[in-house]
Amino acid sequence: MNKNPNHGVYPTMITPYNKNGNIDFGAVDALVEWYYHKGCDGIFTACQSSEIFFLSLNERVSLARNVKEKADALAAIGGSRKAMTVVASGHISESFDDQVKELTLIAETGVDAVILISNRFDIDNTGDAKWVCDLNALTEQLPKDTALGVYECPYPYKRLLTPAMLNACIKTGRFTFIKDTCCDTKTIAGRIKQLDGTGVNLFNANSLTLLDSLHSGAAGFSGIMGNFHPQLYSWLCRNYMTQSETAEKVQAFLTLASLTETMAYPCTAKYHLSEIEGIKMEYTSRARDVNQLTDYQKSCVRQMDLLARMIYTQLPK
């Protein structure tokens, strides 16, 4: 069990498709390599950005396995950097037996942690007690040597972790990764305090609150915008204490740039990666109508990239 995931930036990985609508594993490999060279410390794959609710079980498992193998291969070739920590979910089913099956198969891919989705427990949202009961029942059925995490996925609804739910995760001794989507500075600070000394690491998905959360002790960032300018998030996570004035300015840009999340994501990310970064893939998505990606939105993505690159070149390295 990997009890020490890298701190830093974990993009929520999108799933590239080819013209036939199948996963383009050549583009997947290229994207993993792009993350690596942009300074990412890990990858969260088979997540909502990966469109897991629209992927078959075989596709979810294949995606997780491919990303882990490529990340390890890059580290073996490079030699000078630790391998990116790869965490994966694929947790979409409602029935207990189906959840055990899908998560066991994800664990068998060798990813560093299997991420459970908070709204998949106590499906009817009756309260903390049922949620904790469901969590304990499921974790008992998963491979004992597999590190776990939990993700407050917004789809089909956002189930935020209460202190009691978080405490239940801590008590198992198996959790290493929390993907926080509460978007509230005070709540994040309280969670970090609760996690102190437990070995459980909190990664903030929200750009606006990132700098405040890092000062509170967050382990890093895991969010959508890691598909656009991860190098800026990486710089912030590494330099927020020693370059405080510049960090405030980078944070301000990240906050404003994150407003593009309301556009036709993940099609916007696929446009950016294909047309600007050169990782050729279709813009299509199983979760979003690609026709929602307008020329206006493409222009916003290009201008955002231009400014992000300018800012990065001026940062103290």
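None of these values were measured; they are calculated from a predicted model.

Undergrad: Can you break down the pattern of salt bridges residue by residue, with the values?
TA: With the rule as written, the count across this model stands at 16 salt bridges. For Glu 282, the salt bridge is made with Lys 19, and the minimal N-O distance between the two is 3.4 Å. With a gap of 263 residues between them, Glu 282 in the loop between α10 (267–276) and α11 (295–313) and Lys 19 in the loop between β1 (8–9) and α1 (25–37) connect regions that are remote in the sequence. Judged by its relative accessible area of 26%, Glu 282 is partly exposed. Of the charged contacts, one joins Lys 144 and Glu 140 as a salt bridge, the two residues approaching to 3.5 Å between their closest N and O atoms.

Undergrad: Pulling in residues and values, what's your account of the nonpolar core?
TA: Among the nonpolar cores identified, the biggest contains 101 residues, and Met 84, Leu 116 and Leu 236 are the most heavily contacted of them. The contact partners of Leu 116, leaving out residues within four places of it in the chain, are His 91, Leu 103, Phe 121, Leu 135, Leu 138, Thr 139, Leu 142, Gly 149, Val 150, Tyr 151 and Phe 175.

Undergrad: Help me get a handle on the sheet that holds strand β6 (residues 175–180), residues and values and all.
TA: Read across the sheet, 8 strands follow the order β1-β8-β7-β6-β5-β4-β3-β2 without closing on themselves; strand pairing throughout is parallel. Two strands bound the open sheet, and with one partner strand each, they are β1 and β2 (42–45). Two elements, strand β7 (residues 201–204) and strand β8 (residues 220–221), share 2 bridges in a ladder whose sense is parallel. Bridge assignment links Phe 203 to a residue of β8, and that residue is Gly 220. On top of the sheet, helix α4 (residues 128–141) reaches β4 (113–117), β5 (148–151) and β6; it is set at about 150° to β4, its chief contact.

Undergrad: I'd love a proper account of helix α3 (residues 96–107), names of residues and values included.
TA: Taking 1.5 Å per residue as the helical rise, α3 with its 12 residues ought to reach 16 Å, and the 16 Å between its terminal C-alpha atoms agrees with that figure. Residues of α3 that are buried make contact with α2 (57–78), β3 (85–88), β4 and α4.

Undergrad: I'd like a rundown of the pairing of β5, residues and numbers included.
TA: The two faces of β5 match: Leu 148 and Val 150 on one face and Gly 149 and Tyr 151 on the other face are all buried. Taken together, the 4 bridges between β4 and β5 define a ladder with parallel strand orientation. Paired with Val 114 across the strands is Leu 148, a residue of β5. In terms of strand pairing, β5 meets β6 through 4 bridges, oriented parallel.

Conventions we followed
- Residues numbered from 1 in each chain as written.
- Predicted model: local features only at pLDDT ≥ 70, side-chain atom pairs only at ≥ 80, totals over all residues.
- Heavy atoms only, no water.
- Salt bridge = Lys/Arg side-chain N within 4 Å of Asp/Glu carboxyl O.
- Helix = DSSP H or I, 4+ residues; strand = E, 2+ residues; numbered from the N terminus.
- Buried < 20%, exposed > 50% of the residue type's maximum accessible area, 1.4 Å probe, protein only.
- Core = buried A, V, L, I, M, F, W, Y, C linked by side-chain atoms within 4.5 Å.
- Contact = heavy atoms within 4.5 Å.
- Pairing = 2+ DSSP bridges.
- Axes fitted to C-alpha atoms, helices over the stretch in contact; angles between N-to-C directions.
- Expected span 1.5 Å × (residues − 1).

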